[in-house]
Amino acid sequence: MGLNPKDAVDAVRDIATNAVEKASDIVENASDIIRGDIAGGASGIVQNSIDIGTHAVERVKEVFTGRDDDED
């Protein structure tokens, strides 16, 4: 199966939207650090960063394989 440009654009849009949402959460975690919850804030930043990467990899995989692994 070939790469569908529409699916690729949709995936990029979805990845960017997710990254912006997670970036908002990261800012909240940074404010937790400023307020003194260093462990909680740092943990949240790491988790949100991992979530951004995981989501991006899953979406790119869907574009190249043409399917969603959750549908199996």
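You'll find the structure just up there.
Residues numbered from 1 in each chain as written. Predicted model: local features only at pLDDT ≥ 70, side-chain atom pairs only at ≥ 80, totals over all residues. Heavy atoms only, no water.

Caption draft 1: Examining the environment of N18 more closely. Checked against the element boundaries, N18 lands in helix 1 (residues 5–34). Of the residues examined, N18 reaches a relative accessible area of 14% and is grouped as buried. For the pair N18 and G40, spaced 22 residues apart in the sequence, the C-alpha separation amounts to 21 Å. The residues contacting N18, other than those within four sequence positions of it, are D51, I52 and H55. (Helix = DSSP H or I, 4+ residues; strand = E, 2+ residues; numbered from the N terminus. Buried < 20%, exposed > 50% of the residue type's maximum accessible area, 1.4 Å probe, protein only. Contact = heavy atoms within 4.5 Å.)

Caption draft 2: Looking closely at the side chain of N29. Assignment of secondary structure puts N29 in helix 1. A residue is classified by how much of its surface remains accessible, and N29, at 11% relative accessible area, is buried. Here N48 takes part through its side chain, which lies 2.9 Å from a polar atom of the side chain of N29. What N29 contacts, discounting residues up to four positions off in sequence, is G40, G41, G44, I45 and N48. (Polar contact = N/O pair within 3.5 Å; in protein donor to acceptor, adjacent residues only side chain to side chain.)

Caption draft 3: Fine view of the pattern of salt bridges. Applying the stated rule across the entire model yields six salt bridges. Two residues, D14 and R59, come together in a salt bridge whose shortest N-O distance is 2.8 Å. Placement of the pair is D14 in helix 1 and R59 in helix 2 (residues 38–65), with a sequence separation of 45 residues. On the accessibility criterion, D14 (29% relative accessible area) is partly exposed. Residue R59 pairs with E62 through a salt bridge whose shortest N-O separation is 2.7 Å. Here R59 pairs with E62, and both are found in helix 2, just three residues apart, close to one helical turn. Taking relative accessible area as the criterion, E62 reaches 21% and is therefore assigned partly exposed. A cluster of three or more residues bridged by salt bridges with shared partners is formed by K6, D10 and R13. (Salt bridge = Lys/Arg side-chain N within 4 Å of Asp/Glu carboxyl O.)

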